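# Coordinate analysis (summary)
Take a look at the letters that make up each chain.
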Amino acid sequence: MLRFLAPLLCSALATSLAAHPHVFIDTGFELIVDDSGQLTHVRTTWEYDELYSLLITEDMALDPDGDGILTADEIGKLNGFDMQWIEGFNGDLVIAAGDKGVPLSGPTEVATKFEAGRIITTHLRTLEAPIPAGETGIIKAYDPTYYTAYEVTRPVTLIGESTCDITQTAPDVNAGVVALQQELSMLDPDMNPSDAGLPEIGAQMATTVSITCAAL
């Protein structure tokens, strides 16, 4: 995702790091359920690593006094910097019910904070086909190329009156995945792994969030 948002910054990151990934994002979800127990919306939080946050603020000439505090005006300029998505970009978010993918709206209700040297943004996505009560929704945040690493370290919370079972399953980092990571480390930083015939490691490294809600 970030490859398309700030190519100059990502080029700097690629030069400084020898292997995938280059950008690290702590991720969280707010799962919104309606009165019938349907999952209708997901609000996603992205907390960027300190290095990328620094590069973004420097590139945008924010925090010129270097005190680590942004003014309201600076936050306003920063807000939405990561929402300039190219056509067809899925927001590095995949939601499925059974074996079918769920189409999502573009981002709305975009908000930005800056805390402890890290940019934190949130945005809301609407499920264009809500997941009914009784069915299990699967949610994964990942960049297929693993250029950006998303880790679900922030809270996963529920908004709504339904009784829902929410679980998180960490990726299975087996020997095959480790070998794939080693192959990735040998690639030129600007090369797309798919161009080298490598599979989408981002999906394999993604935490799986599952939600099943009871009907009211």
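Residues numbered from 1 in each chain as written. Predicted model: local features only at pLDDT ≥ 70, side-chain atom pairs only at ≥ 80, totals over all residues. Heavy atoms only, no water.

## Looking at the nonpolar core
Most often, soluble globular proteins have nonpolar side chains that are buried together. Judged by nonpolar contacts, the single largest core of 37 residues is most densely connected at Phe29, Leu31, Ile95 and Ile139. Every element with two or more residues in this core is listed here: strand S1 (23-33), strand S2 (39-48), helix H3 (50-59), strand S3 (93-97), strand S6 (118-131), strand S7 (136-141) and strand S11 (208-213). Residue contacts for Leu31: discarding those within four places in its chain leaves Leu39, His41, Val42, Ile139, Val156, Thr157, Leu158, Ile159, Ile166, Val209 and Ile211. (Core = buried A, V, L, I, M, F, W, Y, C linked by side-chain atoms within 4.5 Å. Buried < 20%, exposed > 50% of the residue type's maximum accessible area, 1.4 Å probe, protein only. Helix = DSSP H or I, 4+ residues; strand = E, 2+ residues; numbered from the N terminus. Contact = heavy atoms within 4.5 Å.)

## Considering the sheet that holds S7
Reading across from one edge, S4-S3-S7-S11-S10 is the order of the five strands in this open sheet, with antiparallel pairing throughout. Every interior strand has two partners, whereas the edge strands, strand S4 (100-101) and strand S10 (164-169), have only one. Where S10 and S11 come together, six bridges link them in antiparallel fashion. The residue bridging Gln168 from the neighbouring strand is Val209, located in S11. (Pairing = 2+ DSSP bridges.)

## What to know about the pairing of S3
Looking along a regular strand, one sees side chains alternate from face to face of the sheet. For S3, the buried fraction is high: four of the five residues fall into the buried class. Pairing of S3 with S7, which is carried by five bridges, proceeds in the antiparallel orientation. Counted as the bridge partner of Ala97 is Gly137 from S7. Bridging between S3 and S4 involves two bridges; their strand directions are antiparallel. Of the residues in S4, the one forming a bridge with Ala97 is Lys100.

## Concerning the state of the cysteines
The full count for this structure, using the stated rule, is one disulfide. Residue pairing for Cys164: its cysteine sulfur links by disulfide to Cys213, the two sulfurs lying 2.1 Å apart. On the sign convention where negative means left-handed, the S-S torsion of about 105 degrees between Cys164 and Cys213 marks this disulfide as right-handed. Taken together, the residues span a long stretch of sequence, with Cys164 in strand S10 and Cys213 in strand S11 at a distance of 49 residues. Exposure class is identical for Cys164 and Cys213. Each is buried. (Disulfide = S-S within 2.5 Å.)

## Overview of the confidence of the model for the chain
Mean pLDDT over the chain stands at 86; residues scoring 70 or higher make up 78%. Scored below 50 in pLDDT, residues 3-19 shows 30 contacts in the model against residues more than four places distant or in partner chains. (pLDDT = per-residue confidence, 0-100.)

## Overview of the pairing of S1
Burial analysis of S1 places nine of its eleven residues in the buried class, the great majority of the element. With four bridges joining them, S1 and strand S8 (residues 148-151) adopt parallel strand pairing. Pairing of Val23 across the sheet is with Thr148, part of S8. Pairing analysis gives nine bridges linking S1 to S2, with the strands arranged antiparallel. For Ile32, the partnering residue across the bridge sits in S2 and is His41.

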